[in-house]
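# Architecture and fold: a report
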Amino acid sequence: MMIYIFAFLVGGAVTTSITYFEASGWPLLSRLAALVPVFTWLSYLFIGKLSGAEEVSRHALFVLLGTLVAWVPYMFVIYYLAPKIGAGKAILAAMAVFLIMALLFIKFYKA
């Protein structure tokens, strides 16, 4: 149970750090915190403990390929649309692109 509490606290701390550093005029620290792979790090600790290193390796390949298929287009949509239609609408459009691409990837991914 303690490991779940730890994961919750770490995830919240990183999310808060990203926002705090950006709002405080320290964009370098904000960007560094945003790039820390907290969710995969914590997930892989859990998966490794529950299912072993082989499953962590399989999942890492899935995430690597899925990132190229779904997350890269998601980020590009935000980059491209935010100055044109505003951040909120750009994020909404990007989420739609992400969901479509992720679902297609999951449907066709063969491991």
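Bear in mind the structure is a predicted one, so any value in this text is a computation, not a measurement.

### Focus: the packing of helix 4 (residues 53-85) against helix 5 (residues 87-108)
Close contact between helix 4 and helix 5 brings their axes to 8 Å; oriented N to C, the two are set at 160°. By the angle between their directions, the pair helix 4 and helix 5 is classed as roughly antiparallel. Helix-helix and strand crossings are classified by hand; for helix 4 and helix 5 the assignment is right-handed. Grouping the amino acids of the contact of helix 4 with helix 5 by side-chain chemistry returns 24 nonpolar, 1 polar and 1 charged.

### Observations concerning the nonpolar core
In this structure, A7, V10, V14, V38, L42 and F46 together form the largest nonpolar core, which totals 6 residues. Residues within four places of V10 in sequence aside, it is in contact with V38, W41 and L42.

### Structural notes on the layout of surface pockets
Summary: where empty space remains is shown by rolling a probe the size of a single water molecule over the atoms. The space that makes up the largest pocket amounts to roughly 710 Å³. Lining the largest pocket we find 22 residues, and of these I18, A34, L35, V36 and W71 sit closest to its centre. Residue assignment for the lining of the largest pocket shows that the elements contributing at least two residues are helix 1 (2-23), helix 2 (27-35), helix 3 (38-51) and helix 4. No other element matches helix 1, which puts 6 residues into the lining of the largest pocket. Residue classes in the lining of the largest pocket are distributed as 12 nonpolar, 8 polar and 2 charged.

### As for the side chain of S30
Tracing the backbone through its elements, the reader meets S30 in helix 2. Accessibility expressed as a relative area gives 4% for S30, which makes it buried. Every residue in contact with S30, bar those within four places of it in the chain, is listed here: I18, F21 and E22.

Rules and cut-offs
- Residues numbered from 1 in each chain as written.
- Predicted model: local features only at pLDDT ≥ 70, side-chain atom pairs only at ≥ 80, totals over all residues.
- Heavy atoms only, no water.
- Axes fitted to C-alpha atoms, helices over the stretch in contact; angles between N-to-C directions.
- Helix = DSSP H or I, 4+ residues; strand = E, 2+ residues; numbered from the N terminus.
- Parallel < 35°, antiparallel > 145°, perpendicular 65-115°, else oblique.
- Left-handed = near helix turned anticlockwise from the far one by under 90°.
- Nonpolar A, V, L, I, M, F, W, Y, C, P; charged D, E, K, R; others polar.
- Core = buried A, V, L, I, M, F, W, Y, C linked by side-chain atoms within 4.5 Å.
- Buried < 20%, exposed > 50% of the residue type's maximum accessible area, 1.4 Å probe, protein only.
- Contact = heavy atoms within 4.5 Å.
- 1 Å grid on protein atoms, 1.4 Å probe; cavity = no way out; pocket = protein on both sides within 12 Å on 5 of 7 lines; lining within 4 Å.
- Points joined across faces, edges and corners; volume = space filled by probe spheres on them.

Shape is all these values report; function is a separate question.
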